[in-house]
Amino acid sequence: MSPSASLLLLLLLLGLSQALPLPDTVDITTGILTSNKGSDEILLEGDLLVPRTRNALICTNQNCFWKKNSSGLVPVPYTVSSEYTNSENQLIVNALQGFHRTTCIRFVPRNNETDYVSVENQSGCLSFLGKVGGVQVLSLQRPGCVYYGIIQHEFNHALGFRHEQTRSDRDNYVTINWANIEPHEAYNFDKQDTNNLNTPYDYSSIMEYARTAFSINGQDTITPIPYHNVQIGQSWGLSYWDIIRIKRLYSC
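These figures come from a predicted structure and were not determined experimentally.

## With respect to the state of the cysteines
The full count for this structure, using the stated rule, is two disulfides. The disulfide partner of Cys104 is Cys252, and the gap between their sulfur atoms is 2.1 Å. Disulfide Cys104 to Cys252: torsion about the S-S bond roughly -70°, handedness left-handed. Pair noted here: Cys104 is in the loop between helix H3 (86–100) and strand E4 (105–109) and Cys252 is in the segment after helix H5 (240–249), with a separation of 148 residues, a long-range link. Residue classification places Cys252 among the partly exposed residues on the basis of a relative accessible area of 42%. Disulfide pairing places Cys125 opposite Cys145 at an S-S distance of 2.0 Å. Between Cys125 and Cys145 the disulfide shows an S-S torsion of about -80°. By sign, it is left-handed. In this pair, Cys125 sits in strand E6 (residues 125–126) while Cys145 sits in the loop between strand E7 (135–140) and helix H4 (148–159), placing the two residues 20 residues apart along the sequence.

Next up, the structure:
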């Protein structure tokens, strides 16, 4: 293993040592979708909020992304609701520091910035896609959404990343089993015109759905190909390729 790879592995392990993991039987997306059942919000792909002022789902310019400063870092201001306990606040900080250790993203407490992420205890685990301008709510319902992996998942949406199984080339890597999907949820599996940043499909991505997401019968809605038994839907946090994509998107 190269020195740089060894260092990356060490940093990841240090971050995860501070994480509150999901229960062994629950992956990130199952935790999110369970928490989001009954939400009054209009959601895409299970946890993406629909902008009421413009379509942020197609980014044709750099306004959808957070700006790099003169130091080469990308500050993302945020606030956290007073409804969270001290331990929950610390867990949110720990999850965000996982980005700091491996990328040029810096989530910083808001001072007087106009554009910022507001972490709130609303109904479900929800985020807008990318920077939408002004205050943008990122919901982490307590206690169901206040887990290390879920926090990173939702903040990765706020950086501009979609779910893995909706990427433009997904049909080369997974089979979507439409017959097993709840009919009114089928739109959540629509392919998107994504920028894949010259990276491979990542079954271990923090943004990958679980096998049975939106299943109507408990059977797989997503099956990896050609090796059907590849594990998908993880519970720990940013994968190697998640980190590479953030660094490429923001030119870290």
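## Some details on the nonpolar core
Core analysis: the biggest nonpolar cluster contains 38 residues, and Ile105, Phe107, Val117, Leu140, Phe155, Leu159 and Tyr250 have the highest contact counts within it. Among the elements of the structure, helix H2 (28–36), strand E3 (74–80), H3, E4, strand E5 (116–120), E7, H4 and H5 are those that each provide at least two residues to this core. If we ignore the near neighbours within four places in the chain, the residues touching Val117 are Trp66, Val76, Pro77, Tyr78, Thr79, Gln136, Leu138, Phe155 and Ala158. In this structure, Val174, Ile181, Tyr201 and Ile232 belong to the second largest nonpolar core, which totals eleven residues.

## With respect to the pairing of E4
As defined by bridge partners, E3 adjoins E4 across five bridges and the pair is classed as parallel. For Pro75, the partnering residue across the bridge sits in E4 and is Arg106. Considered for its hand, the β-α-β crossover made up of E3, H3 and E4 is right-handed.

## Some details on the sheet that holds E5
With respect to topology, five strands assemble into an open sheet ordered E4-E3-E5-E7-E6, the strand pairing being mixed. The strands lining the two open edges of the sheet, one partner per strand, are E4 and E6. Running over the sheet, H3 touches E3, E4, E5 and E7 and is turned about 150° from E4. Together, E3, E4, E5, E6 and E7 form the strand contacts of H4, whose direction differs from that of E7 by roughly 160°.

Definitions and limits used
- Per chain, the residues get numbers from 1 upward, laid out in the order the sequence is written.
- Per-residue local features of the predicted model are confined to residues with pLDDT of at least 70, and side-chain atom pairs are confined, for both listing and counting, to 80 or more; whole-chain, interface and lining totals are unaffected and use all residues.
- In computing side-chain values, all of the structure's heavy atoms are included and hydrogens and water are not.
- Put simply, a disulfide is two cysteine sulfurs that come within 2.5 Å.
- Strands here are runs of E lasting at least two residues and helices are runs of H or I lasting at least four, both read from the DSSP assignment and numbered beginning at the N terminus.
- Accessible area is worked out with a 1.4 Å probe on protein chains only. A residue is then buried under 20% of its type maximum, exposed over 50%, and partly exposed in between.
- Side-chain atoms within 4.5 Å are what join buried Ala, Val, Leu, Ile, Met, Phe, Trp, Tyr and Cys residues into a set we call a nonpolar core.
- Residue contacts are counted whenever heavy atoms from the two residues lie within 4.5 Å of one another.
- Paired strands, as defined in this entry, are two strands with at least two bridges between them according to DSSP.
- When the strands point away from the viewer, a crossover counts as right-handed if the path from the first strand over the helix to the second runs clockwise.
- Between N-to-C directions, angles cover 0 to 180 degrees, with each direction set by a line fitted to C-alpha atoms, over the stretch in contact for helices.

None of this, on its own, says anything about what the molecule does.
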